[in-house]
Amino acid sequence: MGLTRRYRGAAAVDQLDLRLVRGEVYGFLGPNGAGKTTTMRMLMGLVRPTAGSIRLFGRPVGPASLSRVSALIEAPAFRRHLSGRRNLQALAHHARVPRERVGKALDAVRLADRADEPVTAFSMGMTQRLGLAAVLLKDPRLLILDEPANGLDPAGIVEMRRLLRRLADEGRTVLLSSHLMGEVEQICDRVGIIRRGEMVMESTVAQLRSGGALHVLAEPQESARRLLAGRVGSAAVRQDGERLLIATGPYRAAELNELLIESGHAVAELSWCEPDLEQMFLRLTEDHDDP
Ligand SMILES: Nc1ncnc2c1ncn2[C@@H]1O[C@H](COP(=O)(O)OP(=O)(O)OP(=O)(O)O)[C@@H](O)[C@H]1O
């Protein structure tokens, strides 16, 4: 709560409030330099907040609460001449985790069949998956992943999405950062958008998606506007140039079309438009101060 971190007087993270719900995948979204990594490092106790407080599972950040948290914040440093499996075994030994977890973690990221090759032979995506396997060794309740989709090809991204969903369905909580709305929208239950260290919007993905509209081009325009406002409520009707944007679900298209035609209007267009979440993200994170 009120989490703040300053570097030489400038706030990298500014009065941030972030609450995670058990079993959710939360997307922490922001452009480069917005403060995502700094926030994650504070959650892991790697960076000390300048102000504000953090509680993990109801406790302050410390060895007890952190024992249930696993993070992938920077590119994982593996010993590249050793195999993927040997690397994980070394990490498991270091973290005092039973050795059997190595096989389970490799299975979870579908790397078991290549795990005995040296990491030098791994593609970037495989190394990323090995990083995720390392995160799973501890059997964490909270996973903190900084840009986990970086370097993955489209198939790898789909696979990671499934894996994260499965982990959340098992009751684990996942906090992941990204600078791509498209990615977050597909993986996450909730999204928080951060700009210059401040949270500018937080919402469920379902709510964001419901922000689409029916686009109507009908003549005569003013009469069509009044008629539609009478049916769906004037707050749901907005003029956008020649078009009317009706904030309602696509399922009402047929009903509104019939209403317009039966009352003698000419309908040139009536179509459902999904909300442009990428545009919304860009608008929210635009740097107004830049020339
Ligand atoms: N150790 C540090 N010393 C000084 N400034 C820092 C330090 N770490 C981060 N910053 C500054 O804090 C701000 C936020 O950086 P941060 O890495 O948290 O952003 P980010 O959202 O993770 O960005 P990216 O998507 O590029 O990783 C940036 O302006 C950065 O220059």
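These figures come from a predicted structure and were not determined experimentally.

Asker: Looking at this structure, how should I read unusual backbone geometry?
Answerer: It is generally the case that most residues other than glycine have a negative phi and that most peptide bonds are trans. Going from Glu 219 to Pro 220, the amide bond is cis rather than trans, its omega being -10°. Summarising the element assignment, Pro 220 is placed in the loop between strand S11 (213-219) and helix H9 (221-232). Not every positive phi belongs to a glycine, and Glu 147 is a case in point at roughly 50°. Checked against the element boundaries, Glu 147 lands in the loop between strand S7 (142-146) and helix H6 (154-169). With 20 C-beta atoms counted inside 10 Å, the residue Glu 147 sits in the buried group.

Asker: Explain the confidence of the model for the chain to me, please; I cannot follow it from the model alone.
Answerer: Close reading of the predicted structure is inappropriate where its pLDDT is low. On average, residues of the chain score 92 in pLDDT, and 99% of them are at 70 or above. Scored by ipTM, the complex comes to 0.96, with pTM at 0.85.

Asker: I'm lost on the UniProt feature "domain: ABC transporter" (unreviewed entry) in the chain in this one. Help?
Answerer: Mapped onto this numbering, the UniProt entry annotates "domain: ABC transporter" (unreviewed entry) at residues 1-221. Counting secondary structure, residues 1-221 comes out at 33% helix and 25% strand; the distance between its end C-alpha atoms is 50 Å.

Asker: What exactly am I supposed to notice about helix H5 (residues 124-136) here?
Answerer: Three or four residues apart is the spacing at which side chains of an α-helix point the same way, because the helix has 3.6 residues per turn. Counted at 1.5 Å a residue, the expected span for H5 with its 13 residues is 18 Å, and the 19 Å between its end C-alpha atoms agrees. All of the buried residues in H5 are Met 126, Gln 128, Arg 129, Leu 130, Leu 132, Ala 133, Ala 134, Val 135 and Leu 136. Contacts made by the buried residues of H5 are with strand S6 (69-72), helix H3 (84-94), helix H4 (100-108) and S7.

Asker: What exactly am I supposed to notice about H6 here?
Answerer: Taking 1.5 Å per residue, 16 residues should reach 22 Å; H6 reaches 23 Å between its end C-alpha atoms and fits that length. Turning to H6, its buried residues are Met 160, Leu 164, Leu 167 and Ala 168. End-on, the buried residues of H6 take up no more than an arc of 95°, which puts them together on one face. Opposite the packed face of H6, turned more than 90 degrees from it, sit the exposed residues Pro 154, Ala 155, Val 158, Arg 162, Arg 166 and Asp 169. Against the buried residues of H6 lie strand S3 (25-29), S7, strand S8 (173-178) and helix H7 (181-187).

Asker: Can you help me understand the sheet that holds strand S12 (residues 237-240) in this one?
Answerer: Two orientations exist for strands paired in a sheet by backbone hydrogen bonds: parallel and antiparallel. A sheet is described by the order of its strands in space; here four strands give the open sequence S12-S13-S11-S14, paired in antiparallel fashion. Strands with a single pairing partner mark the edges of an open sheet, and in this sheet they are S12 and strand S14 (266-273). Adjacent strand axes in the sheet meet at a mean angle of 25°, parallel and antiparallel pairs treated alike. Helix H10 (residues 253-262) rests against S11, strand S13 (243-246) and S14 of the sheet, and its axis sits at about 165° to S14.

Asker: When you look at the nonpolar core in this model, what are you seeing that I'm missing?
Answerer: In a soluble, globular protein the nonpolar side chains are often hidden away together inside. In this structure, Val 25, Leu 88, Ala 105, Leu 106, Ala 133 and Val 174 are the most contacted members of the largest nonpolar core, which totals 52 residues. In contact with Leu 88, not counting residues within four places along its chain, are Val 102, Ala 105, Leu 106, Ala 133, Ala 134 and Leu 137. In this structure, Ala 213, Leu 214, Ala 218 and Leu 244 belong to the second largest nonpolar core, which totals eleven residues.

Asker: I would appreciate a short explanation of the site of the ligand in the present structure.
Answerer: Contacts to the ligand come from Tyr 7, Ala 12, Gly 30, Asn 32, Gly 33, Ala 34, Gly 35, Lys 36, Thr 37, Thr 38 and His 179. Ranked by residue count, the leading element in the shell around the ligand is helix H1 (residues 36-43), at three residues. The residue inventory of the shell around the ligand, partitioned by class, reads three nonpolar, seven polar and one charged.

Asker: Where do I start with the pairing of strand S1 (residues 3-7) in this structure?
Answerer: Regular strands show a simple pattern: their side chains alternate between the two faces of the sheet. Strand direction decides the pairing type here: S1 and strand S2 (residues 10-16), joined by four bridges, are antiparallel. Bridge pairing links Leu 3 to Leu 16 in S2.

Asker: What exactly am I supposed to notice about the domain arrangement of the chain here?
Answerer: For interface size, the figure often reported is the accessible area lost on association. One can read the domain layout of the chain as domain 1 (3-208) and domain 2 (212-274). With centres defined by C-alpha atoms, the gap from domain 1 to domain 2 works out at 44 Å.

Asker: Where do I start with the pairing of S8 in this structure?
Answerer: The element S8 is extensively covered by neighbouring structure, given that six of its six residues are classed as buried. Here S8 shows no split at all, with Thr 173, Leu 175 and Ser 177 on one side and Val 174, Leu 176 and Ser 178 on the other all buried. Sheet analysis places S3 next to S8, joined by five bridges and oriented parallel. Across the sheet, residue Gly 27 finds its bridge partner in S8, namely Leu 176. Summarising the sheet, S7 and S8 pair through five bridges and their orientation is parallel. In the sheet register, Asp 146 faces S8, and the bridge partner there is Ser 177. Taken together, S7, H6 and S8 form a β-α-β motif whose crossover is right-handed.

Asker: When you look at the environment of Pro 98 in this model, what are you seeing that I'm missing?
Answerer: Mapped onto the fold, Pro 98 is located in the loop between H3 and H4. Residue Pro 98 is classed as exposed on the basis of its 10 C-beta neighbours within 10 Å. Placed 49 residues apart in sequence, Pro 98 and Glu 147 show a C-alpha to C-alpha distance of 28 Å.

Reading guide: rules and limits
Residues numbered from 1 in each chain as written. Predicted model: local features only at pLDDT ≥ 70, side-chain atom pairs only at ≥ 80, totals over all residues. Helix = DSSP H or I, 4+ residues; strand = E, 2+ residues; numbered from the N terminus. Buried ≥ 20, exposed ≤ 12 C-beta atoms within 10 Å, placed from the backbone. pLDDT = per-residue confidence, 0-100. UniProt positions renumbered as here; feature names shortened; annotations may be inferred. Expected span 1.5 Å × (residues − 1). Contact = placed C-beta atoms within 7 Å. Arc of directions from axis to C-beta. Pairing = 2+ DSSP bridges. Axes fitted to C-alpha atoms, helices over the stretch in contact; angles between N-to-C directions. Core = buried A, V, L, I, M, F, W, Y, C linked by C-beta atoms within 7 Å. Near = placed C-beta within 6 Å. Nonpolar A, V, L, I, M, F, W, Y, C, P; charged D, E, K, R; others polar. Domains from an automatic or database assignment. Right-handed = clockwise from strand over helix to strand, strands pointing away.

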